[in-house]
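Tertiary structure, described
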Amino acid sequence: MEHPIQRCNQDVLSTIFEWATCDNYSSRSRIATKLAMVCRRWRQIALQTPEIWRYFDINVNDRPSDIRNQWYWLLSVRSAPPDDICIKRINEGWMSEVPLWSIWQECGFFSLERIKRLEFIVTKSQTARMLLDQDIALPDTTIEHLFLESDMYPPKIETVAPWDVSRLLAKFPRTRYLKFIRQSAFFFPSSNMFTYTTFLHIADCEQAAICAGLSSFVNLERLWVQATTIVDSDNVSTILMPRLRWLCVYRANPFPWRQLRCPSLEVLTGDEWVSDPMIDFLKRHPHLCDIDVQVHAYSFASFARAVPHVESLDIGGYIEGLVEWKDTT
């Protein structure tokens, strides 16, 4: 008796294969290979679905020879090299035994012109600083997304000296989107290494000293800071971000509202609670047109007066019984 899955046409199966391989917490390239081994028809469809072969996942438990064979297998079924690369569960012992530069060399990473996504998943945030000592620089490669993530949740507060993020960007200077997840004890200095980046995303981080270097992101268009402890908000007087258009803030404490200047800002999101420093920030940016915040009833009138030109407003919080919007402006 024919199984119902056999009656699916090629387009449906291709879509299923793409969904099955898009989870970055699984071995996506291995899943694609297993799908191609189910039967002759599935193999033909898999080989005709280039999207599922764009992932290259490296696990620290893999032998270098297996990593190399996996890479060349992907090259044999795809016209272009994989452009979504993830290296998982990096730990200190593995980096001393299998230097990353050897994998870079074996797989020809040094000659790649573009990588859509390069992600390092470390076992703990302190391991991230060991990447700085690896000879893995890709100075001529455009990296659309560079992610640095820790398996540890919540991130452990480090007792060591913070590490310099500009050293990481010195290895990957053509990074457009930089994302840190569950990292701790790092800082952004004033540096020209940040000029290429247009999107900075920091989430679930501890001991983040980001304020001193934010002005160096002269081309930054999006800044998202979520569930992060900032330690240097009081150490700067002014943070100028001339091209920032979208600011997303959620439980970032303390966020430098009073120091931040964003003349091109259009959108403020994140569901952050309205505070007096935020209201001062809004008064300096009356052109904001899209806002998503939470507000207490006692601060709603001051908030409303600070955003006279808002076009899209998403409000949460304790606002029952408030007077009409037209009576507060």
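Provided above is the structure to which this section pertains.
Figured I'd write up the structure that's included with this text.

The rules behind these values
- Residues numbered from 1 in each chain as written.
- Predicted model: local features only at pLDDT ≥ 70, side-chain atom pairs only at ≥ 80, totals over all residues.
- Heavy atoms only, no water.
- Helix = DSSP H or I, 4+ residues; strand = E, 2+ residues; numbered from the N terminus.
- Salt bridge = Lys/Arg side-chain N within 4 Å of Asp/Glu carboxyl O.
- Axes fitted to C-alpha atoms, helices over the stretch in contact; angles between N-to-C directions.
- Parallel < 35°, antiparallel > 145°, perpendicular 65-115°, else oblique.
- Contact = heavy atoms within 4.5 Å.
- Nonpolar A, V, L, I, M, F, W, Y, C, P; charged D, E, K, R; others polar.
- Buried < 20%, exposed > 50% of the residue type's maximum accessible area, 1.4 Å probe, protein only.
- Arc of directions from axis to C-beta.
- Polar contact = N/O pair within 3.5 Å; in protein donor to acceptor, adjacent residues only side chain to side chain.

Here the amide bond leading from N253 into P254 is cis, since omega sits at -10°, within 30 degrees of zero. Looking at the element boundaries, P254 is found in the loop between β12 (246-253) and β13 (260-261). With a phi angle near 55°, D204 is a residue other than glycine that sits in the positive phi range. With respect to the secondary-structure elements, D204 resides in the loop between β8 (199-203) and β9 (206-209).

Here we come to the pattern of salt bridges. This structure, assessed with the given rule, holds 14 salt bridges. Here E51 and R54 are joined by a salt bridge, their closest N and O atoms 3.2 Å apart. Overlapping salt bridges, with partners in common, bring together R28, E51, R54, D57, D83, D84, R114, R117, E119, E144 and R176 in one network.

Our focus in this paragraph is the packing of helix α1 (residues 10-20) against helix α3 (residues 40-47). The interhelical angle for the contact between α1 and α3, taken along N-to-C directions, is 70°, at an axis separation of 10 Å. Here α1 is positioned roughly perpendicular relative to α3, judged by the angle of their axes. Here α1 contributes Q10, L13, S14 and F17 to the contact with α3, which in turn contributes R41, W42, I45 and A46. When the residues that make up the contact of α1 with α3 are grouped by side-chain class, the tally is five nonpolar, two polar and one charged.

Within α1, burial applies to L13, S14 and F17. The arc that holds the buried residues of α1, viewed along the axis, is 105°, so those residues lie on one side. For α1, exposure combined with an orientation more than 90 degrees from the buried face picks out D11 and W19. Its side-chain oxygen placed 3.2 Å from the backbone nitrogen of D11, N9 serves as the N-cap of α1.

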